[in-house]
Amino acid sequence: MPAPARVRPNRSVLMIASEALPYSKTGGLADVLGALPSALVRLGWQVTLVTPRYRGVAAGRLSERFTLAIGAHAFDVGVYEEAWPDGVRVVLLDVPELFDREALYTIGNVDYPDNPRRFALLSRAALEWAGRRGQRIAVVHAHDWQAGLAPVYLRTSLASHPILGGTPTVFTIHNLAYQGLFEPDWLPRLDLPWDLFSVERMEFWGRISFLKGAINDSTIITTVSRTYAREIQTREFGCGFEGILQRRAGDLVGILNGIDVTSWDPANDPHLPQPFDANDLAGKRAAKVAVLSRYGIEADDETLGRPLIGMISRMVDQKGLDLIAANAAHLPELDASFVILGTGDAGYESMWSRLAQQYPRRVGVKVGFDEGLAHLIEAGADAFMMPSRFEPCGLNQMYSLRYGTVPIVRAVGGLADTVTDWTPRRRSATGIVFEEYAPEALLEALKRAIALYRQPAKWRALQKAGMKLDYSWDRSAREYVKMYDRAIKQAGGMR
Ligand code: ADP
């Protein structure tokens, strides 16, 4: 008797996200979508990533056009496709009236008023495209509120779709602070039934929330670190969603983001003047000289002898900018220099600019977004400051660890999961960690770091322990695969 043919399991995932490197980026979400798909391919999954084709994106070739009606609007959706060398398939949705804009989400810090329609289209068009292909997908993986309607449509208008109906969903919360809140009259305009306007579904204090819809309608919910998964079920960190998340606690899992160890590799980084690794840190000093010169700080014995503390960040309260502002008068008194790269609240930008003007040999600031300089700072700084109020995962502290740059962090979210505080006996220590969200606690942590820097053997041990850690995506991707398998099982097995 012939052996029964083995049925190959369907291991295909449709990823939907509003930003992805190398096409677009405002924050860590883009880094994740630039790396996780490839890590999943390495584990044998077929990955299709769907994301908008914003202004300036020239990638992909037009493969088809279809019309998609949302409410009273009919959109002509151009599908541009490209394949990454490793096999990830990317679908870029070209809808110029929605995506050909100056910025991704906001103009002059005000949200585009049609954001609900723009991102409803992202989810709907991604699913529609998948449905038109006639092949079932094993799991849909949607990211943040911008893709939050994907699980909602799958539970409502697409529930009995012959191809898409019943597809399990994994939804990842990258930052609970962004909840996609809109007026309820958007429901009919997005082809969603009015019964979603209830506290059990999408209503959040008189409005609708794309995020809440996704949390309620997804098979599995993940967020980007274990600690953050716990924190968001508490009042302090829950942003009003703690009850909603507690109800789904059994299906809520924290999976730490990885980092892209290819583009963030001190031994092979085109943005550095000289490569380095844990065995030979000479290149790190060359990077320090380069950073100082980029900031117009003369590199001499004094400035090179002082620890250089870097920061690359959105300049907002979340990132602890208020703690830093409260310490502004003390920072120049410390035996350290500071270089900052970031954009954000005007008040914080001018605070740093004032400091830099007053203390040109101790403080350097660049307001703007500069990927190359970010790499150089990670390499050239001795320590890296992340005093976040909350931090779902955080990437910079992991880049810092890999670049031998000692992170100074608050014990919160992903920072707590990735950095181990220095104590005289702890050999696994990789950084300086403080607990309380208070200016004095940050100042104390900075002083501890500076004192340790003066003890080269100990500092070196700290750097080396950090450089040895593995925060690659392969580890995280294995966790996601477990969640995909679980979602498929929970949704009734392989379809
Ligand atoms: P978040 O997503 O909350 O902003 P993360 O630490 O998770 O914070 O990720 C931020 C990412 O954006 C990192 O890759 C960081 O290097 C990068 N980044 C932030 N601000 C800038 C900037 N001004 N220039 C270059 N890169 C930046």
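All values reported here derive from a predicted model rather than from experimental measurement.

**Re the site of the ligand**
Now for step 1: Taken together, the neighbourhood of the ligand is formed by 17 residues, with G28, R314, K319, G368 and D370 sitting nearest.
Now for step 2: The side chain of R314 places a nitrogen or oxygen atom 2.8 Å from an oxygen atom of the ligand.
Now for step 3: G368 places a main-chain nitrogen or oxygen 2.7 Å from a nitrogen atom of the ligand.
Now for step 4: Expressed as a share of its isolated accessible area of 560 Å², the protein-covered part of the ligand is 93%.

**Observations concerning the nonpolar core**
For soluble globular proteins, the rule of thumb is that nonpolar side chains tend to be buried together.
Now for step 1: Residues L40, W45, V77, L121 and L127 are the most contacted members of the largest nonpolar core, which totals 137 residues.
Now for step 2: With nine residues, the single largest contributor to this core is helix α3 (residues 115-132).
Now for step 3: Here this core spans two domains, since at least three of its residues come from each of domain 1 (12-258 + 474-490) and domain 2 (282-469).
Now for step 4: If near-sequence neighbours (up to four positions away) are discounted, L127 is found in contact with L14, I16, V140, A150, Y153, L154, L158 and L164.
Now for step 5: The next biggest cluster of nonpolar side chains, apart from the first, holds 40 residues, and it includes L321, F338, A429 and L442.

**Brief notes about the domain arrangement of the protein chain**
Now for step 1: For the protein chain, the domain assignment lists domain 1 (12-258 + 474-490) and domain 2 (282-469).
Now for step 2: Each of domain 1 and domain 2 has a C-alpha centre, and the two are 33 Å apart.
Now for step 3: Listed by partner, the interface residues are 18 residues for domain 1 and 18 residues for domain 2.
Now for step 4: Between domain 1 and domain 2, a total of about 1,300 Å² is buried, with carbon and sulfur atoms accounting for 59% of that surface.
Now for step 5: At the junction of domain 1 with domain 2, the criterion picks out one salt bridge.

**Observations concerning the packing of aromatic side chains**
Now for step 1: Counted according to the given criterion, the structure contains 14 aromatic pairs.
Now for step 2: Aromatic pair F276 and Y403: ring centres 6.2 Å apart, planes at 80°, arrangement edge-to-face. With F276 in the loop between β14 (252-254) and α9 (282-294) and Y403 in the loop between α14 (396-402) and β19 (406-410), this pair connects stretches of sequence that are 127 residues apart. An identical accessibility class is assigned to F276 and Y403; each is buried.
Now for step 3: Here the basic side chain of R124 rests over the ring of Y153, its NZ or CZ set 5.1 Å away from the ring centre.
Now for step 4: The ring of Y295 carries the charged tip of K366 above its face, separated from the ring centre by 5.2 Å.

**What to know about the pairing of strand β18 (residues 383-386)**
Now for step 1: Taking every second residue as pointing to the same face, both faces of β18 are buried, with A383 and M385 on one and F384 and M386 on the other.
Now for step 2: As paired elements, strand β15 (residues 308-315) and β18 share two bridges and run parallel to each other. When the bridges of β18 are listed, G310 appears paired with F384.
Now for step 3: When β18 meets β19, the two strands line up parallel, connected through four bridges. Following the sheet pairing, F384 is matched in β19 by P407.
Now for step 4: On the question of chirality, the crossover connecting β18 to the parallel β19 by way of α14 is right-handed.

**Some words on the environment of L127**
Now for step 1: Position of L127 relative to the elements: it lies in helix α3.
Now for step 2: Assessed through its relative accessible area of 0%, L127 is described here as buried.

**Concerning the packing of helix α1 (residues 28-42) against helix α18 (residues 473-490)**
Axis angle and axis distance: for two packed helices, these are the angle between their axes and the distance between the axes, and together they describe the pair.
Now for step 1: Interaxial distance between α1 and α18 falls to 9 Å at its minimum, and their mutual angle equals 75°. Comparing the axis directions of α1 and α18 gives the class roughly perpendicular. Across the interface between the two elements, V32, A35, L36, A39, L40 and R42 from α1 touch W473, D474, A477, Y480, V481 and Y484 from α18.

**Concerning the environment of V365**
Now for step 1: Structurally, the position occupied by V365 is in strand β17 (residues 363-367).
Now for step 2: Linking V365 and A491, residues 126 residues apart in sequence, is a C-alpha distance of 51 Å.
Now for step 3: With sequence-adjacent residues up to four places away left out, V365 is seen in contact with Y295, M315, I340, W352, S353 and A356.

**Regarding the pairing of strand β16 (residues 337-344)**
Residues in a regular strand project their side chains so that they alternate between the two faces of the sheet.
Now for step 1: Summarising burial for β16: six of the eight residues are buried, a large majority.
Now for step 2: In the sheet, β16 pairs with β17 via five bridges, with the strands oriented parallel. Looking at β17, one finds that I340 is bridged to V365.
Now for step 3: Once you follow β16 into helix α12 (residues 346-358) and on to β17, the crossover reads as right-handed.

**Regarding the sheet that holds β15**
Now for step 1: Strand order across the open sheet formed by six strands is β17-β16-β15-β18-β19-β20, with parallel pairing between neighbours. A strand with exactly one partner marks an edge of an open sheet, and here the two such strands are β17 and β20 (432-434). Each strand of the sheet is rotated relative to its neighbour by a mean of 15°, with strand direction disregarded.
Now for step 2: Contacting β15, β16 and β17, α12 crosses the sheet at an angle of about 145° to β17.

The rules we used
Residues numbered from 1 in each chain as written. Predicted model: local features only at pLDDT ≥ 70, side-chain atom pairs only at ≥ 80, totals over all residues. Heavy atoms only, no water. Near = heavy atom within 4 Å. Polar contact = N/O pair within 3.5 Å; in protein donor to acceptor, adjacent residues only side chain to side chain. Areas by Shrake-Rupley, 256 points an atom, 1.4 Å probe, with all protein chains shown as cover. Core = buried A, V, L, I, M, F, W, Y, C linked by side-chain atoms within 4.5 Å. Buried < 20%, exposed > 50% of the residue type's maximum accessible area, 1.4 Å probe, protein only. Helix = DSSP H or I, 4+ residues; strand = E, 2+ residues; numbered from the N terminus. Domains from an automatic or database assignment. Contact = heavy atoms within 4.5 Å. Buried area = accessible area lost by both parts, 1.4 Å probe. Salt bridge = Lys/Arg side-chain N within 4 Å of Asp/Glu carboxyl O. Phe/Tyr/Trp six-rings, centres within 6.5 Å; stacked < 30°, edge-to-face > 60°. Lys NZ or Arg CZ within 6 Å of the ring centre and 35° of its normal. Pairing = 2+ DSSP bridges. Right-handed = clockwise from strand over helix to strand, strands pointing away. Axes fitted to C-alpha atoms, helices over the stretch in contact; angles between N-to-C directions. Parallel < 35°, antiparallel > 145°, perpendicular 65-115°, else oblique.

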